[in-house]
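What follows is each chain in one-letter form.
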Amino acid sequence: MPNRGGELNPATILELAAHRYPEKEALATPGERLTYGQWNRRVKAVALGMLKAGIKPGDRVALCCFNGEPPATVYFAAHQLGAVAVWLNPRWKRGELAYALREADIKAILADRETAAEAAAALGLAQREDLLLILAEDSGPWDDAQRRVYYSDLIKGGPGERELPLPRKRPDTEISTVLYTSGTTGRPKGVARTGRSDYYSAMALILEHRWQRFERTLSIMPFCHTMGLHTLLSMVLLNGTSVILPKADPSECLQMIQSESITALYLVPTVFHDLVRHIEACGAGEVPVPRLAFAGAPMPAALVKQCRDLFRPEVFVNQYGCTEMLVLAVNPDLERLPTSCGRPALNSRLLIAAAGNGRSSPGPGKPLPPRQVGEILVDATLPQAFAGYLNRPEETRRVMHEGWYRTGDLGYFDNHGNLYLVGRVDDMIISGGENIYPREVEEILGSHPLVEEAAVFGLPDRRWGELVAAAVVSRSGELTGSDLEEHCLNHPLLAKYKRPRRYFFVRRIPKSSSGKILYKELRKQFAERS
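Right, let's walk through the structure included here. Everything numeric here is computed off the predicted structure, so don't read it as measured data.

With that settled, the discussion passes to the packing of aromatic side chains. Counting across every chain of the model gives 17 aromatic pairs. Residues Tyr 412 and Tyr 420 carry aromatic rings whose centres are separated by 5.2 Å and whose planes lie at 10 degrees to one another, so their mutual orientation is stacked. Taken as a pair, Tyr 412 and Tyr 420 share a single burial class, namely buried. An aromatic cluster is present here, built from Tyr 36, Trp 39, Tyr 75, Phe 76, Trp 87 and Phe 223 joined pairwise through their rings. The positively charged end of Lys 24 is found above the aromatic ring belonging to Phe 214, 4.5 Å away from the centroid. In this arrangement the basic side chain of Lys 247 is found over the ring face of Phe 66, its NZ or CZ atom lying 4.7 Å from the centre.

The mixed open sheet is built from three strands, whose spatial order is S24-S25-S26. What marks the edges here is a single partner per strand, and that holds for strand S24 (451-461) and strand S26 (502-505). Averaged over all pairs of adjacent strands, the angle between strand axes in this sheet comes to 25 degrees, irrespective of strand direction. Sheet topology note: the S24/strand S25 (residues 465-474) ladder contains 10 bridges and is antiparallel. From the neighbouring strand, Leu 459 faces S25, where its bridge partner is Leu 467. Helix H13 (residues 438-446) rests against S24, S25 and S26 of the sheet, and its axis sits at about 140 degrees to S24.

The next thing to look at is the pattern of salt bridges. In the structure shown here, the tally under the stated rule is 33 salt bridges. Close ionic contact of Lys 56 with Asp 59 constitutes a salt bridge, the shortest N to O distance being 3.7 Å. For Asp 59, a relative accessible area of 10% gives the class buried. As a salt-bridge pair, Asp 309 and Lys 305 come within 2.8 Å of each other at their nearest N and O atoms. With Asp 309 and Lys 305 both in helix H11 (residues 301-311) and four residues apart, the pair spans about one turn of that helix. Judged by relative accessible area, which is 30%, Asp 309 ranks as partly exposed. Overlapping salt bridges, with partners in common, bring together Glu 25, Arg 33, Arg 216 and Glu 260 in one network.

All right, on to the sheet that holds strand S7 (residues 148-150) then. Within the open sheet, the seven strands sit side by side as S7-S6-S5-S3-S4-S8-S9. Their pairing is mixed. Each edge of the open sheet carries a strand with a single partner, namely S7 and strand S9 (190-194). Across the sheet, the mean angle separating the axes of adjacent strands is 20 degrees when strand polarity is ignored. Sheet topology places strand S8 (residues 175-180) next to S9; five bridges connect them, and they run antiparallel. Residue Ile 175 lies in a different strand from S9, and its bridge partner there is Thr 194.

Okay, helix H14 (residues 481-490) next. Three or more residues of H14 are buried, namely Leu 484, His 487 and Cys 488. For H14, the arc enclosing every buried residue in end-on projection is 95 degrees, short of the 170-degree limit, so these residues lie on one face. Exposed residues on H14 whose side chains face more than 90 degrees from its buried face are Ser 482 and Asn 490. Close packing links the buried residues of H14 with H13, S24, S25 and S26.

In terms of burial, strand S14 (residues 315-320) is a largely internal element, six of the six residues being buried. Along S14, one buried face is formed by Val 315, Val 317 and Gln 319 and the opposite face, lined by Phe 316, Asn 318 and Tyr 320, is buried too. Here strand S13 (residues 291-294) pairs with S14 via four bridges, running parallel. By the bridge assignment for S14, Ala 293 is matched with Val 317.

A few words on the packing of helix H7 (residues 195-208) against helix H8 (residues 226-237). Two elements in contact, H7 and H8, have axes whose closest approach is 9 Å; the angle formed by their N-to-C orientations is 80 degrees. Overall, the two elements H7 and H8 adopt an arrangement that is roughly perpendicular. On H8, the residues that touch Asp 198, Tyr 199, Ser 201, Ala 202, Met 203, Leu 205 and Ile 206 of H7 are His 230, Thr 231, Leu 233, Ser 234 and Leu 237.

This brings us to the nonpolar core. One finds Trp 39, Met 50, Leu 218, Leu 265 and Phe 311 to be the most contacted residues of the largest nonpolar core, which totals 93 residues. Residues within four places of Trp 39 in sequence aside, it is in contact with Leu 14, Ala 26, Leu 27, Leu 34, Ala 72, Thr 73, Phe 76, Leu 232 and Val 236. Ranked by size, the runner-up nonpolar core spans 23 residues in total, among them Cys 64, Leu 88, Ala 100 and Ala 111.

Within the fold, Glu 260 resides in the loop between helix H9 (250-259) and strand S12 (264-267). Engagement of the side chain of Glu 260 in a polar contact is seen with the side chain of Arg 33, the distance being 2.4 Å. Looking at Glu 260, its side chain comes within polar contact range of the side chain of Arg 216, at 2.7 Å. Each residue touching Glu 260, except ones within four places of it in the same chain, is listed here: Arg 33, Arg 216 and Val 243.

Rules behind the numbers
- Residues numbered from 1 in each chain as written.
- Predicted model: local features only at pLDDT ≥ 70, side-chain atom pairs only at ≥ 80, totals over all residues.
- Heavy atoms only, no water.
- Phe/Tyr/Trp six-rings, centres within 6.5 Å; stacked < 30°, edge-to-face > 60°.
- Buried < 20%, exposed > 50% of the residue type's maximum accessible area, 1.4 Å probe, protein only.
- Lys NZ or Arg CZ within 6 Å of the ring centre and 35° of its normal.
- Pairing = 2+ DSSP bridges.
- Helix = DSSP H or I, 4+ residues; strand = E, 2+ residues; numbered from the N terminus.
- Axes fitted to C-alpha atoms, helices over the stretch in contact; angles between N-to-C directions.
- Contact = heavy atoms within 4.5 Å.
- Salt bridge = Lys/Arg side-chain N within 4 Å of Asp/Glu carboxyl O.
- Arc of directions from axis to C-beta.
- Parallel < 35°, antiparallel > 145°, perpendicular 65-115°, else oblique.
- Core = buried A, V, L, I, M, F, W, Y, C linked by side-chain atoms within 4.5 Å.
- Polar contact = N/O pair within 3.5 Å; in protein donor to acceptor, adjacent residues only side chain to side chain.

Such coordinate-based values are descriptive only and should not be taken to indicate function.
In structure tokens:
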């Protein structure tokens, strides 16, 4: 008999995909290929192995791996046995991992060859040597006192599908997945999501990105991020193929796009940037990919054009969202509105509220009129919404107001209902009493032919309160601050008081693993120089 329960549970979604098209390819990695029938049987075997190893329904299982078949399988296996999957960033160090292990009360952790040393050290820091260690490879820095099981043994250890005595899956209204945010401000927060919210988020991705049955996508966005995880879940819903690479190496990505007949790419602008540069450098010419989408950060207009010219997409969308809600707005008309986030997405209702003093919002109140900048709020009663921050009731209450979720993002609607993002509430610059939004100045700087990338931020100033500064990556060593001063003064779309008064030329702009500019790091770095 099937393991019933949790109708929108990820494991149920995989079971149904295997029921529809067991022969279709589900996963392709550099070392292995699995059909839906094969993968579903493996997931059940691993789930039973985890159950035998002492993992019970309701336990929290951490996944600390770079992308690959083992974390994808253990994620679905955890849902199969009624456990909660907790994704940890594989780039974290032992202190960050130890913090999450304690906060989430983890009972087992999956680690790979690259994360094993930090994960092992984190167990000691967290005083959690009792955790079950699931090692993706058959080697690692574990001592004999540590409880461990090898992933390869879990694969071999389960009986046939019809014989599995697995417990009922978790109801789709209960917390089933936790995604930790990048922690750009303070400690990372565990975003708790239900099977229902993940299902509706994946369906919104499918419809808004216009993905199709049997899609083939390149899975290089980390599974520990909402983009990577929900792309994986979307492919299962479509009986599509996830072509998985552990990291976004441009050379390997191009090879896979061409050899695997990739039909969809959903990436952050940074990865698109690196991929475009590599394609141009090696003279590959056009690399047709029918459906493109980006999220996580704005994409410069010049890069939008380069992507269109190289990939020749039939569909090219900008998607605005967050870990808590995922798909908030989508712009499928980048040629006409290159800097817009578009209209509210499926299962999304947005509101622009007054941002108070610029550092916090007083709550929803009366919506602001078109073209007036305020904080973007999201209706948290709709089915994509998260279930709160794990063990952080005060933090959850801080971002929720009368059923609306405060994103912390600043934006406005134009007269036609199109959303524009101008920055973060905490990143807004207040200079001489005027509000200045980094994004609008960055767009002007980015239009200079010798500017590769720019980030605008505020520095303390006795006279102005804050001074507008810019970190700039130049295409040429000949570019100077005087050149950019002239460019800004002569630009018809930038008021003079908004122009940067200080320029710092850098090799790269610091960013989070999801591609967001780390303005806090810039402020700290250059405040010390000032």
